[in-house]
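Descriptive structure summary
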Amino acid sequence: MTSLRQQLYQDMAPLHLTPLWEVLHALVPPHPVTPCLPALWKYSDLRPFLMRAGEAITAAEAVRRVLILENPALRGQSAVTQSLYAGLQLILPGEVAPDHRHTQSALRFIIEGSGAFTTVEGERATMHPGDFILTPNWSWHGHGSEAEEPVIWLDGLDIPMLRFFDAGFAETSTATAPPRPEGVSFARHGNNMAPVRDTRTGASSPVFSYPYDRSRESLAQLERNTPCDSWDGYKLRYINPATGGSPMPTLGAFLQLLPAGFNGRAFRQTDGAVYSVVEGEGEVLIESPDGETTAYSFGPRDHFVIPSWHLASFRSAPGSVLFSFSDRPVHEALSIHREERL
Ligand code: GTQ
């Protein structure tokens, strides 16, 4: 019997044929089995390398001077999860990172420094720590700095997702988009209002800068006046005001506050997520598939990743604010999103 099978496999191999029954279990597992590992990047460990990159190459030469946060299990793949890319980008005073556009969608979350800017279709968004800025797919964008200090931000992109779909296109700018006054997009769409005859269909948000002070104030209000969620603390998602959906089709982004003394319950979700710590301190406990739990201690500007379907919970003695992003809108669009709250 076995030899019959062995002979069959051997004889059909030249035709690039493989028996399903040998791989079926792995192909349709009873629950998600990700190769990704949980990981934490301490900012104090990482920052010196970013500064050395600042001495080693200019932003103009690098095009984007970024250190990629690679999942330890996906080295060489420029991926923090199977679908997501994350990196920390540095721009020094006076530097320019030239305009380009691509089918990958990008988000920025500002980590350190003020006064650099991203330009989206010619409109500037000046960066301050905690601001959430997006560059929708196929929009012209570049970065520059009129700051007097280094400015560092988290880049989140759907690069591995587009690679999976073999759908990546990019162009570099020959003629830069004409400059447009700063703040117009926010004036049009950022205050729960919209132009009367606006007909946009809203694949991506018409607002591309979400200032931290506004998001933070919402969380402060909610903490004062509403009950705390036992798993999330107080958690809000950034929205596309034209649709109520995610700011970009492939990337969801979130801001959450863990109140002082928070001792959260465990959850897992199919969307692996990348976290950027804004304020405070705490611990994330992540259970590996073999049942072992590791506690990762985090402080301001640290980054960590919770892979798909890993049980996780948060603890914070002094309280904390966390930004995060994931591919959740894709899971939801495809009706494959699941989460479990224990
Ligand atoms: O700023 O356009 O981290 O195109 C990777 C690819 C940033 C960007 C990244 C990019 C960008």
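Here we summarise the structure given alongside this text. (Residues numbered from 1 in each chain as written. Predicted model: local features only at pLDDT ≥ 70, side-chain atom pairs only at ≥ 80, totals over all residues. Heavy atoms only, no water.)

**A few points about the layout of surface pockets**
Considered as a void within the structure, the largest pocket measures approximately 840 Å³ in volume. In terms of lining, the largest pocket is formed by 28 residues, of which the most central are Q82, S83, T270, D327 and H331. Elements represented by at least two residues in the lining of the largest pocket include exactly α5 (159–165) and α8 (328–333). Element by element, the count of residues in the lining of the largest pocket is highest for α5, at 5 residues. Partitioned by chemical class, the residues of the lining of the largest pocket number 15 nonpolar, 10 polar and 3 charged. Counted as a void, the second largest pocket has a volume near 640 Å³. Lining the second largest pocket are 26 residues, and of these F186, G190, N192, Y210 and I239 sit closest to its centre. Within the residue set of the lining of the second largest pocket, elements represented by two or more residues are α6 (184–189), α7 (212–225) and β13 (234–237). Sort the elements by how many residues they give to the lining of the second largest pocket and α7 lands first, with 4 residues. (1 Å grid on protein atoms, 1.4 Å probe; cavity = no way out; pocket = protein on both sides within 12 Å on 5 of 7 lines; lining within 4 Å. Points joined across faces, edges and corners; volume = space filled by probe spheres on them. Helix = DSSP H or I, 4+ residues; strand = E, 2+ residues; numbered from the N terminus. Nonpolar A, V, L, I, M, F, W, Y, C, P; charged D, E, K, R; others polar.)

**What about the site of the ligand?**
Inspection of the region around the ligand gives R64, V66, Y85, Q89, H100, H102, R108, H141, H143, D155 and L157 as its neighbouring residues. Residue H143 places a side-chain N or O atom 2.8 Å away from an oxygen atom belonging to the ligand. For the ligand, whose free accessible area comes to 290 Å², the fraction covered by protein is 90%. Of all the elements in the fold, those that place two or more residues in the shell around the ligand are β3 (85–91), β4 (96–102), β9 (141–145) and β10 (151–157). Its residues assigned to classes, the shell around the ligand comprises 3 nonpolar, 5 polar and 3 charged. (Near = heavy atom within 4 Å. Polar contact = N/O pair within 3.5 Å; in protein donor to acceptor, adjacent residues only side chain to side chain. Areas by Shrake-Rupley, 256 points an atom, 1.4 Å probe, with all protein chains shown as cover.)

**Regarding α7**
Turn by turn, an α-helix covers 3.6 residues, leaving residues three or four places apart pointing in a common direction. Counted at 1.5 Å a residue, the expected span for α7 with its 14 residues is 20 Å, and the 20 Å between its end C-alpha atoms agrees. Taken residue by residue, α7 has Y212, S215, L219 and A220 as its buried positions. All buried residues of α7 lie within an arc of 140° about the axis, which places them on one face of the element. The exposed residues of α7 that point more than 90 degrees off its buried face are D213, R224 and N225. Next to the buried residues of α7 lie β12 (209–210), β13, β14 (252–258), β17 (273–280) and β22 (320–326). (Expected span 1.5 Å × (residues − 1). Buried < 20%, exposed > 50% of the residue type's maximum accessible area, 1.4 Å probe, protein only. Arc of directions from axis to C-beta. Contact = heavy atoms within 4.5 Å.)

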